[in-house]
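Take a look at the letters that make up each chain.
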Amino acid sequence: MSSLENVSKRIAAHASVKDENFGFDPATITLIVSLIINLVRLWWSCRGKKSAINQIKNPSFLFKLFLKREIRKNLTGKRRAYLYDAFMDVAPTITQNELLDITQEIESRITK
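Rules and cut-offs
Residue positions are counted from 1 within each chain, in the order its sequence is given. A pLDDT threshold of at least 70 governs which residues receive local features in this predicted model, and a stricter bar of 80 or more applies before side-chain atom pairs are shown or counted, although totals over entire chains, interfaces and linings include all residues. As a rule here, side-chain values cover all heavy atoms of the structure and leave hydrogens and water aside. Only residues whose relative accessible area exceeds 30% and that take part in no salt bridge are eligible for patches, with like-charged residues grouped when within 9 Å of each other and nonpolar side chains (Val, Leu, Ile, Met, Phe, Trp, Tyr) grouped when within 5 Å. Computed with a 1.4 Å probe, the accessible areas rest on the Shrake-Rupley method; for each residue, only the protein chains presented here act as cover. Between Lys or Arg on one side and Asp or Glu on the other, a salt bridge is scored when a side-chain nitrogen of the former is within 4 Å of a carboxyl oxygen of the latter. Put simply, DSSP H or I for four residues or longer makes a helix, DSSP E for two residues or longer makes a strand, and each gets a number counted from the N terminus. Three labels apply to residues, based on accessible area from a 1.4 Å probe with only protein chains included: buried if under 20% of the type maximum, exposed if over 50%, partly exposed otherwise in between. Here a Phe, Tyr or Trp ring, Trp counted by its six-membered ring, pairs with any other such ring whose centre lies within 6.5 Å, and the pair is stacked when the planes are under 30 degrees apart, edge-to-face when over 60, and tilted otherwise.

(A) Broad picture of a nonpolar patch on the surface. Together, Phe 61, Leu 62 and Leu 65 give the surface a local cluster of nonpolar side chains, amounting to about 320 Å² of exposed area. Counting through the fold element by element, Leu 65 comes out in helix α4 (residues 61-74). Judged by relative accessible area, which is 41%, Leu 65 ranks as partly exposed.

Structure follows, in structure tokens:
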């Protein structure tokens, strides 16, 4: 299992704890994976790979705004807040190895 999927499952687990109606299914995991990929690709193209890695673990105000925007595109209602809060809970716990694996996965998806 990839690091991107592991992080996505942790985020989904945190969101499902906040709301019992929040689904923990493949569609949710795919949604979270696409959110992370979109955010990292956007930040990577503007600021570089190292900055993108740092923003995942320690999101800046601008990164948080982009995260909210991506979530708003894909979810409605209180689920937006639950997913955002779950992402903010999980972000500091992501290890350096996971961050490197995530960026390698995204880099391989970009070059395809």
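(B) Structural context of the packing of aromatic side chains. Counted under the stated rule, the structure contains 2 aromatic pairs. Considering the side-chain rings of Trp 43 and Phe 63, the 5.6 Å spacing of their centres and the 80° angle between planes classify their relative orientation as edge-to-face. Placement of the pair is Trp 43 in helix α2 (residues 26-47) and Phe 63 in helix α4, with a sequence separation of 20 residues. Residues Trp 43 and Phe 63 agree in their burial class; the two are buried. For the ring pair Trp 43 and Phe 66, a centre distance of 6.1 Å and an interplane angle of 70° mean the geometry is edge-to-face. In this pair, Trp 43 is assigned in helix α2 and Phe 66 in helix α4, connecting sequence segments 23 residues apart. The exposure class of Trp 43 is buried, given its relative accessible area of 6%.

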